[in-house]
Amino acid sequence: PLVGRDSELALAVDSLAQGARGQGQVLSISGKAGLGKTRLADEIMRLAAASSFDLLRGECPSYGANSSYLVWQPIWRDLFELDTRRPVPELVAAIEAKLVAIDPGLLPRLPLLGPLLQVDIKDNALTRSLDAKLRKNALESLLVECLAGFAHGKPLLMLLDDCQWIDPLSRDL
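Criteria and cut-off values
- Residues numbered from 1 in each chain as written.
- Predicted model: local features only at pLDDT ≥ 70, side-chain atom pairs only at ≥ 80, totals over all residues.
- Heavy atoms only, no water.
- Helix = DSSP H or I, 4+ residues; strand = E, 2+ residues; numbered from the N terminus.
- Expected span 1.5 Å × (residues − 1).
- Buried < 20%, exposed > 50% of the residue type's maximum accessible area, 1.4 Å probe, protein only.
- Phe/Tyr/Trp six-rings, centres within 6.5 Å; stacked < 30°, edge-to-face > 60°.
- Contact = heavy atoms within 4.5 Å.
- Axes fitted to C-alpha atoms, helices over the stretch in contact; angles between N-to-C directions.
- Parallel < 35°, antiparallel > 145°, perpendicular 65-115°, else oblique.
- Nonpolar A, V, L, I, M, F, W, Y, C, P; charged D, E, K, R; others polar.
- Salt bridge = Lys/Arg side-chain N within 4 Å of Asp/Glu carboxyl O.
- Core = buried A, V, L, I, M, F, W, Y, C linked by side-chain atoms within 4.5 Å.
- Left-handed = near helix turned anticlockwise from the far one by under 90°.

Would you mind going over helix H1 (residues 6–20) with me for this structure?
Taking 1.5 Å of rise per residue, the 15 residues of H1 would be expected to cover 21 Å, and the 21 Å separating its terminal C-alpha atoms lies within 8% of that figure. Among the residues making up H1, those that are buried are Leu-9, Ala-12, Ser-15, Leu-16, Gln-18 and Gly-19. Just past H1, the residue Gly-22 takes up positive phi, approximately 95°.

Structure, rendered in structure tokens:
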């Protein structure tokens, strides 16, 4: 059992209940090394799983502070149900199918997902014309729309671990 974290767990349980009702929540666990942050996060994940949340987890490795969206990559690959051992055309088709299921209007922005998902997706007329700032904004907007689509039928809990090493683009997202 988790000892001495009653108030933190009560806050987490309340946040999970609100999340289950469709009200997005953000919890931040911070503190010095050795205080039990990971243990608390694992307990929150256990409670969320018991409440039928889909669980997604990304980690910020110490060497990844300069790797764009590194913490988000496993989360989005899980959401898109990608098996990266499959050939690229199959991966692209799987991503297309997920986008169409959420909203067919998202399909023109498909190439924006390539770097994040680590899939070689060729730019199209729309994405080719975007400068770096517009590309970033369009990707973030696309991901928010996708997240809403993925969370439509079932609540999601996403854990970003070791965020002291998060890269700037991941922090923005």
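Is there a simple way to explain the packing of aromatic side chains in this structure?
Taken as a whole and judged by the stated rule, the model has three aromatic pairs. Measuring from centroid to centroid gives 6.3 Å for Trp-76 and Phe-80, while their planes differ by 40°, and the two rings are tilted. Across the pair, exposure class does not vary: Trp-76 and Phe-80 are buried alike. When the ring of Phe-80 is compared with that of Phe-150, the centres are 5.2 Å apart and the planes differ by 85°; the resulting orientation is edge-to-face. Here Phe-150 lies in helix H7 (residues 132–150) and Phe-80 lies in the loop between helix H3 (73–79) and helix H4 (88–102), a separation of 70 residues in the sequence. Of the two residues, Phe-80 and Phe-150, both sit in the buried class.

Got a minute to help me understand the environment of Phe-53 in this structure?
With respect to the secondary-structure elements, Phe-53 resides in the loop between helix H2 (37–50) and strand E1 (54–59). A sequence separation of 33 residues divides Phe-53 from Ala-20, and the C-alpha atoms of the two residues are 7.8 Å apart. Phe-53 has contacts with Leu-16, Gly-19, Ala-20, Ala-48, Lys-154, Pro-155, Leu-156 and Leu-157, leaving out every residue within four places of it along the chain.

It is not clear to me how the packing of H4 against H7 should be interpreted in this structure. Could you clarify?
Between two packed helices, the angle of one axis relative to the other and the distance separating the axes together describe the packing. For the pair H4 and H7, the least separation of the axes is 9 Å and the interaxial angle reads 75°. By the criterion of interaxial angle, the relationship of H4 to H7 is roughly perpendicular. Counting all contacts with H4, which are made through Lys-98, Leu-99 and Ile-102, the residues of H7 involved are Leu-142, Glu-145, Cys-146, Gly-149 and Phe-150. Among the residues making up the contact of H4 with H7, the classes are represented as five nonpolar, one polar and two charged.

Would you mind going over the pattern of salt bridges with me for this structure?
Between side chains of opposite charge, pairing is possible as soon as their charged atoms come close. All chains considered together, the criterion is met by 14 salt bridges. The shortest N-O distance in the salt bridge between Asp-120 and Lys-122 comes to 2.9 Å. The structure contains a network of salt bridges with shared partners spanning Arg-39, Glu-43 and Arg-46.

Explain the nonpolar core to me, please; I cannot follow it from the model alone.
Note on soluble globular proteins: their nonpolar side chains tend to be buried together. Counting 31 residues, the largest nonpolar core has Trp-76, Phe-80, Ile-95, Leu-99 and Leu-113 as the members making the most contacts within it. If you list the elements that add at least two residues to this core, you get H3, H4, helix H5 (113–117) and H7. Broken down by element, the residue count for this core peaks at six residues, all from H7. Of all hydrophobic cores here, the second largest spans twelve residues; its members include Ala-12, Leu-40, Ala-41 and Met-45.

Would you take a moment to explain the packing of H1 against H2 for this structure?
Between H1 and H2, the least distance of the axes is 10 Å, while the angle of their chain directions is 35°. Crossing geometry of H1 relative to H2 is assigned as right-handed. Taken together, the residues of H2 that come into contact with H1 (itself represented by Glu-8, Leu-9, Ala-12, Val-13 and Leu-16) are Leu-40, Glu-43, Ile-44, Leu-47 and Ala-48.

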